[in-house]
Protein chains: 2
Amino acid sequence: MRVLYHFPLSPFSRKVRLLLAEKRLPFELREERVWERRPEFLALNPAGQVPVLVEENGLVIPDSVVITEYVEETYREVPLMGATAAERVECRRLVAWFDGKFAREVTDKLLLEKVMKRLIGHGVPDAGAIRAGYANLRRHLAYVAELAEQRRWLAGDALSVADLAAAAHLSVLDFAGEIDWSVAPAAKDWYARIKSRPSFRPLLTDRVPGVHPPAHYADLDF
Amino acid sequence: MRVLYHFPLSPFSRKVRLLLAEKRLPFELREERVWERRPEFLALNPAGQVPVLVEENGLVIPDSVVITEYVEETYREVPLMGATAAERVECRRLVAWFDGKFAREVTDKLLLEKVMKRLIGHGVPDAGAIRAGYANLRRHLAYVAELAEQRRWLAGDALSVADLAAAAHLSVLDFAGEIDWSVAPAAKDWYARIKSRPSFRPLLTDRVPGVHPPAHYADLDF
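A brief structural summary. (Residues numbered from 1 in each chain as written. Chains lettered and ligands numbered in written order. Predicted model: local features only at pLDDT ≥ 70, side-chain atom pairs only at ≥ 80, totals over all residues. Heavy atoms only, no water.)

Quick notes on helix α5 (residues 127-150) of chain B
Residues and elements named next belong to chain B.
Logical step 1: For α5, with 24 residues, the first-to-last C-alpha span of 35 Å sits near the 34 Å given by 1.5 Å per residue.
Logical step 2: Turning to α5, its buried residues are A129, I130, G133, N136, L137, H140, L141, Y143, V144, A145, L147 and A148.
Logical step 3: On its buried face, α5 sits against α4 (85-120), α6 (161-175) and α7 (185-195).
Logical step 4: Capping the start of α5 is the job of one residue whose side-chain oxygen sits 2.9 Å from the backbone nitrogen of G128: D126. (Helix = DSSP H or I, 4+ residues; strand = E, 2+ residues; numbered from the N terminus. Expected span 1.5 Å × (residues − 1). Buried < 20%, exposed > 50% of the residue type's maximum accessible area, 1.4 Å probe, protein only. Contact = heavy atoms within 4.5 Å. Polar contact = N/O pair within 3.5 Å; in protein donor to acceptor, adjacent residues only side chain to side chain.)

Quick look at the sheet that holds strand β4 (residues 60-62) of chain B
Residue and element names in this part refer to chain B.
Logical step 1: Read from one edge to the other, the open sheet built from four strands follows the order β2-β1-β3-β4, with strand pairing classed as mixed. In this open sheet, the two edge strands, each paired with only one partner strand, are β2 (28-31) and β4. Here the strands of the sheet are splayed against their neighbours by 20° on average, with no regard to which way each runs.
Logical step 2: Across three bridges, the pairing between strand β3 (residues 52-54) and β4 is antiparallel. Each bridged residue has a counterpart across the sheet, and for V52 the counterpart in β4 is P62.
Logical step 3: In the packing of helix α3 (residues 64-74) onto the sheet, contacts are made with β3 and β4, and the angle to β4 comes to roughly 125°. (Pairing = 2+ DSSP bridges. Axes fitted to C-alpha atoms, helices over the stretch in contact; angles between N-to-C directions.)

Some words on the environment of D63 of chain B
Logical step 1: Checked against the element boundaries, D63 of chain B lands in the loop between β4 and α3.
Logical step 2: Put simply, D63 of chain B and Q49 of chain B are 14 residues apart on the chain and 7.5 Å apart in space, counted from C-alpha to C-alpha.
Logical step 3: Those residues in contact with D63 of chain B that sit more than four places away from it in its chain are A96 of chain A together with P51 of chain B.

A closer look at the environment of R88 of chain A
Residue and element names in this part refer to chain A.
Logical step 1: Here R88 lies in helix α4 (residues 85-120).
Logical step 2: The exposure class assigned to R88 is buried, which follows from its relative accessible area of 16%.
Logical step 3: One polar contact links the side chain of R88 to the main-chain carbonyl oxygen of G82, over a distance of 3.1 Å.

Here we look at the interface of chain A and chain B
Logical step 1: Contacts between chain A and chain B engage 23 residues on the former and 23 residues on the latter.
Logical step 2: Of the roughly 1,800 Å² buried between chain A and chain B on both sides combined, carbon and sulfur atoms contribute 69%.
Logical step 3: Interface area lost by chain A to chain B is led by V66, V89 and R92 of chain A, which between them contribute 26%.
Logical step 4: Between chain A and chain B we count six salt bridges in total.
Logical step 5: Measuring nitrogen to oxygen at the nearest pair gives 2.7 Å for the salt bridge that ties R92 of chain B to E73 of chain A.
Logical step 6: At the boundary of chain A with chain B, the tally comes to four residue pairs in polar contact (both at pLDDT 80 or more).
Logical step 7: Among the secondary structure elements, those contributing two or more residues to the side of chain A that touches chain B are β4 (60-62), α3 (64-74) and α4 of chain A. (Buried area = accessible area lost by both parts, 1.4 Å probe. Salt bridge = Lys/Arg side-chain N within 4 Å of Asp/Glu carboxyl O.)

Below, the structure written as structure tokens:
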């Protein structure tokens, strides 16, 4: 059986869980607490990060972007990166936006400072970083809303990895109770649509000791 | 004519310059000082970063990974990402390693702290970050040497984007005089081989006001 090493609060792991489910590729989830630096896991991925996908033939694929390109090249039945060159550029541009800019400006600041430091028991939350994270989140939610008003899905007419990347980051923040959806109704409508897909269901039942998602987190009619 | 917006000290820009040259795709270079946040450039790439490639048909492609995937998909004559699934995973894994882990642990710490803060005239160098950057650089050079001892090129038998990504990061550090090649002879041999390729030549004549590369920087027999 295909195995995915992941952590519930890792947006990069969530993106790959959504990707594999949308591609209808069965997999077994194994939770990896990367900060414990387990030698067997470091042997799989010297970079020490989740996600890591291990195929049934033994091929080890680390890094969510490397996994995404591999899966899209190998399993072509459900294309999730667009057809034309322009569509593929737009899809990958948005994935890079959420995994790069959004991650640095929002996810790292709010999740790392407010949740992970407590979970790992290391470091003191930085109030300035948290304030900046909230301000950036408002700007980025407005950008998601702008895209969602112009297009059916974030990168164009079809669901793509861009939606999965955006939903992965926003869902970990929602899990931690950090999102006020009322400020960006079009973003909320888009998120409600992706949240109600079967691929999303397993994410709604994630549990992390010490983190208590708000009531609306698993509610499809939030 | 194809246009590449770049900055000489951006390793991500250098990776794409090497890529386009290895693919034998002519392009015009335009230097962009991204910290000046020029409105016309932000309209091309809202993320405000170099590199950005603009094709003759008007297609705008930001982000070095997005550009790499686009170029590899569109111009197939000189393949630079491996043939088999395993080769492509290894190539992309190493690109993600250098652009992610190496960039965060070495390039950002040394280049940002020692060179860019002075160039932009903003911020004071952080001595702790610089010390950590040098320690990380030694470990990473040893990893490059280990790969270079086992393989002809970093990802396998053929030159690939992994070599271009590694050379891009190491060359900006070498330009700033930060690398002692004597500590890792196998890494030096590999770097001498890639440095002597025609694609590398334009990088050796880069000039940045206020930054003075050491004598060995442009010397192919360093």
